[in-house]
Amino acid sequence: MTPGARVQAAIEILDDIQGGTPAERAITGWARRSRFAGSKDRAAVRDHVFQALRCLRSYACLGGAATGRGVMIGALGAAKVDLAGMFTGLGYAPSPLTATEQDAGFDPRDAGDRMDLPDWIIPDFISALGGEAEANRVAHLLQQRAPVMLRVNARKASVAQAAELLAENGVTAVPSSTAMHALTVTDDARRVASSAAYLDGLVELQDGSSQAAMEVLEITPDARVLDYCAGGGGKVLALAARADAQWYAHDALPQRLKDLPERARRAGVNVAIVGSDDLPDHDFDLVLCDVPCSGSGTWRRNPDAKWRLTSADLEKLTAVQDQILERASALVRPGGCLAYATCSVLRQENEERLEGFTAHNPMWRVTFQKRWPVSEAGDGFFLAQLKMA
Ligand SMILES: C[S@@+](CC[C@H](N)C(=O)[O-])C[C@H]1O[C@@H](n2cnc3c(N)ncnc32)[C@H](O)[C@@H]1O
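Residues numbered from 1 in each chain as written. Predicted model: local features only at pLDDT ≥ 70, side-chain atom pairs only at ≥ 80, totals over all residues.

Where an unreviewed UniProt entry is consulted, the protein appears under the name Ribosomal RNA small subunit methyltransferase B, with the organism given as Roseovarius aestuarii.

Shown next as structure tokens:
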């Protein structure tokens, strides 16, 4: 595909997304209809779409329209691409800009346009981040592509050994100060999944802030540790890499756990999967709740989510978070710990949930609480540890 044809494909996919189709489904649908597109074309089109979604409102201003075409005009203009050279109408390239389109763009003025956030969330976003300066900084980072980060499995390799092995397969990765075993991939992230370091369990894909959070949880030797919302198992695998304990994973949706056995095998650890009916009360030394959340600290990885989230969704999420805390707390043995984590920056999903929980359950107190900020080397993440008084 020519560069122009890739832009035209992105325009069509963005129109599909604006029409209500979730981004992943819109991209997959286009790829199925476009058998001529090779893997490099698919990656380039996906990159266009994801970057456009990160900056949907600001690009719509710059391009003068909130359509797929307007957004891509804004995106390419912001990237200083020669628009006349791209919008040629030749082959599958988009048609040339009309006179109206050439003059339609303007600089984003409103806060929501500048920050690329839905209007309804801006007050909460600013207050959660302690003021406009930090909110603008974070919003700006969410407009950019996220770093690709790896966690080196300390059971199998040092950070330096893992970086060396990755380099043999064409992946360049450098140590990150965000977490002890973190690497940031600086070149050819697409080769990670087929690299020997990945296939042999020396590295896992994991954001730096998640890694840093899993470094601070207290694990006593031989403890019984339950990852209550385990999903793909990223958190329990990070914990299992640093301590010897008995590891258990649970998820309300068991299909979410499907990759965990293979990931645990690669990592060289045992993680037992437990169903909801097989969870005895007061049985675990530590129960980690990495709860479902808005993902607002990770919106640069999943930018579609920031436009889909509504205030009603946020309310439903906080109700689920409360239910999880209540249920998970009953699984902790006397003297044990409960951990609560989100990848959200919002107070409603973090501090306010803990305030509500400890108000209803005064025997629990928060012993540790930390926010990891959105940065060049990590997503927004929140972790609290609670003990029974
Ligand atoms: C943030 S994701 C977990 C990510 C995972 N810990 C990781 O590191 O890969 C939240 C998970 O919670 C699960 N979940 C949702 N509601 C739940 C509930 N009531 N009880 C337990 N798990 C739930 C979801 O299916 C989802 O897999």
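*Asks:* How should the overall build of the protein be read in this particular structure?
*Replies:* Secondary structure assignment for the protein yields 18 helices and 11 strands. Since a compact globule built from 389 residues should have a radius of gyration of about 21 Å, the 23 Å found for the protein is in line with a globular shape. Across its three principal directions, the C-alpha atoms of the protein cover 70 × 50 × 35 Å. Residues classed as buried in the protein amount to 45% of the 389 residues present. In the protein, the share of contacts with a sequence separation of at least 24, taken over all contacts with a separation of at least 6, comes to 68%. (Helix = DSSP H or I, 4+ residues; strand = E, 2+ residues; numbered from the N terminus. Rg over C-alpha atoms; globule rule 2.2 N^0.38 Å. Buried ≥ 20, exposed ≤ 12 C-beta atoms within 10 Å, placed from the backbone. Contact = placed C-beta atoms within 7 Å.)

*Asks:* Explain helix α10 (residues 132-142) here, please?
*Replies:* One turn of the α-helix equals 3.6 residues, which is why residues spaced by three or four share an orientation. When we look at burial in α10, the residues that qualify are A135, V138, A139 and L142. For α10, the angular spread of the buried residues around the axis is 100 degrees, confining them to a single face. Tucked inside the fold, the buried residues of α10 contact α3 (39-54), α8 (111-115) and α9 (122-128). (Arc of directions from axis to C-beta.)

*Asks:* Could you clarify how one ought to interpret the sheet that holds strand β11 (residues 381-388) in this entry?
*Replies:* One key point about sheets: their strands pair by backbone hydrogen bonds, in either a parallel or an antiparallel sense. One open sheet holds the 7 strands; their spatial order is β7-β6-β5-β8-β9-β11-β10, and the pairing between them is mixed. The open sheet has two edge strands, β7 (271-273) and β10 (364-372), and neither has a second partner. In this sheet, adjacent strand axes meet at a mean angle of 20 degrees when their direction is disregarded. Docked against the sheet, helix α13 (residues 208-216) engages β9 (332-342), β10 and β11, running at close to 15 degrees with respect to β11. (Pairing = 2+ DSSP bridges. Axes fitted to C-alpha atoms, helices over the stretch in contact; angles between N-to-C directions.)

*Asks:* Just checking my understanding: could you explain the packing of helix α4 (residues 56-63) against helix α5 (residues 68-78) for this structure?
*Replies:* Pairs of packed helices are described in terms of their axes, by the angle between the two and the distance that separates them. In the contact formed by α4 and α5, the axes pass within 7 Å of each other and the chain directions differ by 90 degrees. Relative to α5, the element α4 is oriented roughly perpendicular. Of the residues in α5, those touching α4 at L56, Y59, A60, C61, L62 and G63 are G70, V71, M72, I73, G74, A75, G77 and A78. Grouping the constituent residues of the contact of α4 with α5 by class yields 10 nonpolar, 4 polar and no charged. (Parallel < 35°, antiparallel > 145°, perpendicular 65-115°, else oblique. Nonpolar A, V, L, I, M, F, W, Y, C, P; charged D, E, K, R; others polar.)

*Asks:* Even after reading the chapter, I still don't get the environment of A245, so can you show me in this structure?
*Replies:* Within the secondary structure, A245 is located in the loop between α14 (234-240) and β6 (246-249). By the C-beta count within 10 Å, which is 18 here, A245 ends up partly exposed. Through-space distance from the C-alpha of A245 to that of N270 is 9.5 Å; in sequence the pair is 25 residues apart.

*Asks:* Can you help me understand the sheet that holds strand β1 (residues 148-152) in this one?
*Replies:* Taken in spatial order, the 4 strands line up as β2-β3-β1-β4 in an open sheet, and their pairing is antiparallel. This sheet does not close on itself; its edge strands, each paired only once, are β2 (172-175) and β4 (203-205). Averaged over all neighbouring strand pairs, the angle between strand axes comes to 40 degrees, with direction disregarded.

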